Amino acid sequence: MSLTTTVSDRNLDTIVEKVKHGERLTLEDGLTLYESPDLLTIGQLANEVNRRKNGDRVYFIQNMYLNPTNVCEARCAFCAFRRDPGEEGAYTMSPEELLEHVGERYTEGIREFHIVGGHNHTVPFDYYLETVAILKKHYPHVTIKAYTAAEVEFFSRLSGRSVETVLKELMDAGVSSLTGGGAEILTERYRLKMSPDKASTDDWLNVHRTAHKLGMKTHSTMLYGSIETKEERLIHMIRLRELQDETNGFLVFIPLAVQPKSVNASIKRRTSAMDDLKTIAISRLMLDNFPHIKAYFINIGTQLAQLATQFGSSDLHGTLVQERISHAAGALTQQALTKDELIWLIKGANRTPVERDTFYNEIAVY
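These figures come from a predicted structure and were not determined experimentally.

**Q** It is not clear to me how the nonpolar core should be interpreted in this structure. Could you clarify?
**A** When a protein is soluble and globular, its nonpolar side chains tend to lie buried together. By size, the foremost hydrophobic cluster in this structure holds 110 residues, and its most contacted members are Phe-113, Leu-135, Leu-170, Met-237, Leu-240 and Leu-285. For Leu-285, the residues in contact, after removing those within four places along its chain, are Val-19, Leu-25, Leu-33, Ile-42, Leu-45, Ala-46 and Val-49.

Structure below.
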């Protein structure tokens, strides 16, 4: 590889050589990247790695985002979506209400239902199975990507069943892939402070490991920008990388910028554009065994997501229809994009737009 800009930070020289020869980066390398002011070199390195894997293709999907309930037993410090039972704004859609909700918003071309919600302990595990089954019955051609590993761990406790049994029953009901949520930061220091009521690091990884062993491909995320250190971000990536070495079951990594609890929060309460681009690029460099890194426009905005396709990202997510969780927490971005808007963004970045399904099978090239 040849860099079109001069490397201004000589501390990156060793990393440049490693990337050139396809060598794996260490935690120390990741810290060097985070500490470096040379964003353009980091971006070029990530762009080079992404082009080796994906050429100039950038993927998107026509999907619908569904949140059947916001009632939750967990009290995560970063969440503005959850409600207690009976609290103002609390809701739990019946399977029939969810079906009606989908029917009012469904458009031809939607290939995926993305389902996450609260850890609602006032309904039985069967509720979560029925939620999936009714959608699969009426939309058999739509892939159901449902529930986070944290939800699966909660279902295991709620039902008294093993994680493997829970996953098998979800698959029988129609789930084909797990979402990547509930990961936050995969260190116990972080989780004990920010999400103490939810799955531990080992719990989260074990759910995905088990799903992979059952033949399911899954997604992964990282919620960055609060109390975690840069080292913890890198530990998170390395733990995912190690599991991917073991199972090869992850399809994509999605860095999620944490949102403040109010739309009126100052910019100092939000992640910076520099941190967002650097985190996407470093993710691409650290996660050498992941096929895709996603730029999530819901968290970082459409223009920055477009720019991220030059910084290692090969996926702009999807149409969504209506996103609730990040917007409950103060996201200032669009709640959805049209297919034409996604194509426009990708072409504007001099990339080739590719419509995909959940598993990155190509549907159409534009």
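**Q** Where do I start with the pairing of strand β4 (residues 143-146) in this structure?
**A** Every second residue of β4 is oriented toward a common face, with Thr-143 and Lys-145 on one face and Ile-144 and Ala-146 on the other, all of them buried. Here strand β3 (residues 112-115) runs beside β4; their pairing, made up of four bridges, is parallel. Paired with Ile-115 across the two strands is Ala-146, which belongs to β4. After leaving β3, the chain enters helix α5 (residues 125-138) and then returns to the sheet as β4, a path that is right-handed. Here β4 runs beside strand β5 (residues 175-177); their pairing, made up of two bridges, is parallel. What sits directly across from Lys-145, in β5, is Ser-177.

**Q** Looking at this model, I keep getting lost on a negative patch on the surface. Mind explaining?
**A** A cluster of acidic residues, Glu-96, Glu-97, Glu-100, Asp-126 and Glu-130, forms a negative patch on the protein surface. Taken together, the elements giving at least two residues each to the negative patch come down to α4 (95-105) and α5. Counting residues per element, the negative patch draws most heavily on α4, at three residues. Positionally, Asp-126 belongs in helix α5.

**Q** Can you help me understand the UniProt feature "binding site: S-adenosyl-L-methionine" (unreviewed entry) in the protein chain in this one?
**A** Per the UniProt annotation, the sites labelled "binding site: S-adenosyl-L-methionine" (unreviewed entry) are Phe-78 and Glu-184. The annotated residues occupy 107 residues of the chain but converge on a single region, no pair of C-alpha atoms lying more than 9.8 Å apart. By the element assignment, Phe-78 lies in the loop between β2 (63-66) and α4. Its place among the elements puts Glu-184 in the loop between β5 and α8 (188-194). A distance of 2.7 Å separates the side chain of Glu-184 from the side chain of Lys-198, its partner in a polar contact.

**Q** How should I be thinking about the sheet that holds strand β7 (residues 250-257) in this particular structure?
**A** Adjacent strands of a sheet form backbone hydrogen bonds with each other and so pair up, either parallel or antiparallel. Strands sit in the order β6-β7-β8 across an open sheet of three strands; the sheet is parallel. Edge positions in the sheet fall to β6 (218-224) and β8 (292-293), since each of these pairs with one other strand and no more. Here seven bridges tie β6 to β7, and the two strands are oriented parallel to one another. Paired with Leu-223 across the two strands is Leu-256, which belongs to β7. With respect to the sheet, helix α10 (residues 230-247) is in contact with β6 and β7, its orientation differing from that of β6 by roughly 170°. Here helix α11 (residues 273-286) sits on the sheet and contacts β6, β7 and β8; the angle it forms with β7, its principal contact strand, is near 160°.

**Q** What am I meant to see in the packing of aromatic side chains here?
**A** For any pair of aromatic rings, the description rests on two quantities: the centre-to-centre distance and the angle between the ring planes. Inspection of the entire model under this criterion finds 14 aromatic pairs. For the pair Phe-113 and Tyr-139, a centre-to-centre distance of 5.4 Å together with 90° between the ring planes defines the contact as edge-to-face. Here Phe-113 is found in strand β3, whereas its partner Tyr-139 is found in the loop between α5 and β4, with 26 residues between them in sequence. Taking relative accessible area as the criterion, Tyr-139 reaches 12% and is therefore assigned buried. Between Tyr-147 and Phe-155, the aromatic rings sit 5.0 Å apart at their centres with planes inclined by 90°, giving edge-to-face as the arrangement. Classification of Phe-155 as buried rests on a relative accessible area of 0%. The rings of Phe-125, Tyr-127, Tyr-128, Tyr-147, Phe-154 and Phe-155 are connected pair by pair, giving a single aromatic cluster. The ring of Tyr-360 has Arg-356 lying over it, and the distance from NZ or CZ to the ring centre is 4.1 Å.

**Q** Help me understand the pattern of salt bridges in this model?
**A** Side chains that carry opposite charge are capable of pairing whenever their charged atoms lie near each other. Tallied over the full model, the rule gives 23 salt bridges. Asp-84 is the partner of Arg-75 in a salt bridge, and the nearest nitrogen-oxygen pair spans 2.9 Å. Of the residues examined, Arg-75 reaches a relative accessible area of 49% and is grouped as partly exposed. Where salt bridges share partners, they join Arg-24, Asp-245 and Asp-288 into one cluster.

**Q** Teacher, can you tell me more about α5 here?
**A** Two residues of an α-helix separated by three or four positions point the same way, owing to the 3.6 residues in each turn. Given a rise of 1.5 Å per residue, 14 residues ought to cover 20 Å, and the 21 Å separating the end C-alpha atoms of α5 matches this to within 8%. Of all the residues in α5, the buried ones are Phe-125, Tyr-127, Tyr-128, Leu-129, Thr-131, Val-132, Ile-134 and Leu-135.

Definitions and cut-offs
Position numbers for residues start from 1 in each chain and track the written sequence from start to end. It should be noted that, the model being predicted, local features are given only for residues of pLDDT at least 70 and side-chain atom pairs only at 80 or more, the latter also being counted only at that level, while totals for whole chains, interfaces and linings use all residues. In computing side-chain properties, one takes all heavy atoms of the structure into account and sets aside hydrogens as well as water. The term nonpolar core refers to a set of buried residues drawn from Ala, Val, Leu, Ile, Met, Phe, Trp, Tyr and Cys, joined through side-chain atoms within 4.5 Å. Using a 1.4 Å probe on the protein chains alone, a residue whose accessible area is under 20% of its type maximum counts as buried, one over 50% counts as exposed, and one in between counts as partly exposed. Any two residues whose heavy atoms approach within 4.5 Å are treated as being in contact. Numbering of helices and strands runs from the N terminus; a helix is a DSSP stretch of H or I covering at least four residues, while a strand is a stretch of E covering at least two. What makes two strands pair is DSSP finding at least two bridges between them. A clockwise course of the path from the first strand over the helix to the second, judged with the strands pointing away from the viewer, identifies a crossover as right-handed. Note that patches include only residues with greater than 30% relative accessible area and no salt bridge, and the join distances are 9 Å for like charges and 5 Å for nonpolar side chains (Val, Leu, Ile, Met, Phe, Trp, Tyr). Here the open area of atoms and residues is found with the Shrake-Rupley method and a 1.4 Å probe, where only the protein chains shown may cover a residue. Salt bridges are defined by distance alone: a side-chain nitrogen of Lys or Arg within 4 Å of a carboxyl oxygen of Asp or Glu. Positive charges come from Lys and Arg, negative ones from Asp and Glu, while His and the chain ends are left out of the count. A charge is said to be at NZ when it belongs to Lys, at CZ for Arg, at CG for Asp and at CD for Glu. UniProt positions are given in the numbering used here, feature names are shortened, and annotations may be inferred rather than shown by experiment. N or O atoms within 3.5 Å of each other form a polar contact, as long as, within protein, one can give a hydrogen and the other can take it, and as long as residues adjacent in sequence are counted only when both atoms are side-chain atoms. Under this scheme, a helix contributes an axis fitted over its contacting stretch, all axes are lines through C-alpha atoms, and angles between N-to-C directions fall in the 0 to 180 degree range. Only rings of Phe, Tyr and Trp enter the pairing, Trp through its six-membered ring, and a pair is recorded when the two centres are within 6.5 Å. The plane angle decides the type: under 30 degrees is stacked, over 60 is edge-to-face, the rest tilted. The criterion for a charge sitting over a ring is simple: Lys NZ or Arg CZ within 6 Å of the ring centre, and within 35 degrees of the ring normal. Expected span, for any helix, means 1.5 Å times one less than how many residues it has.

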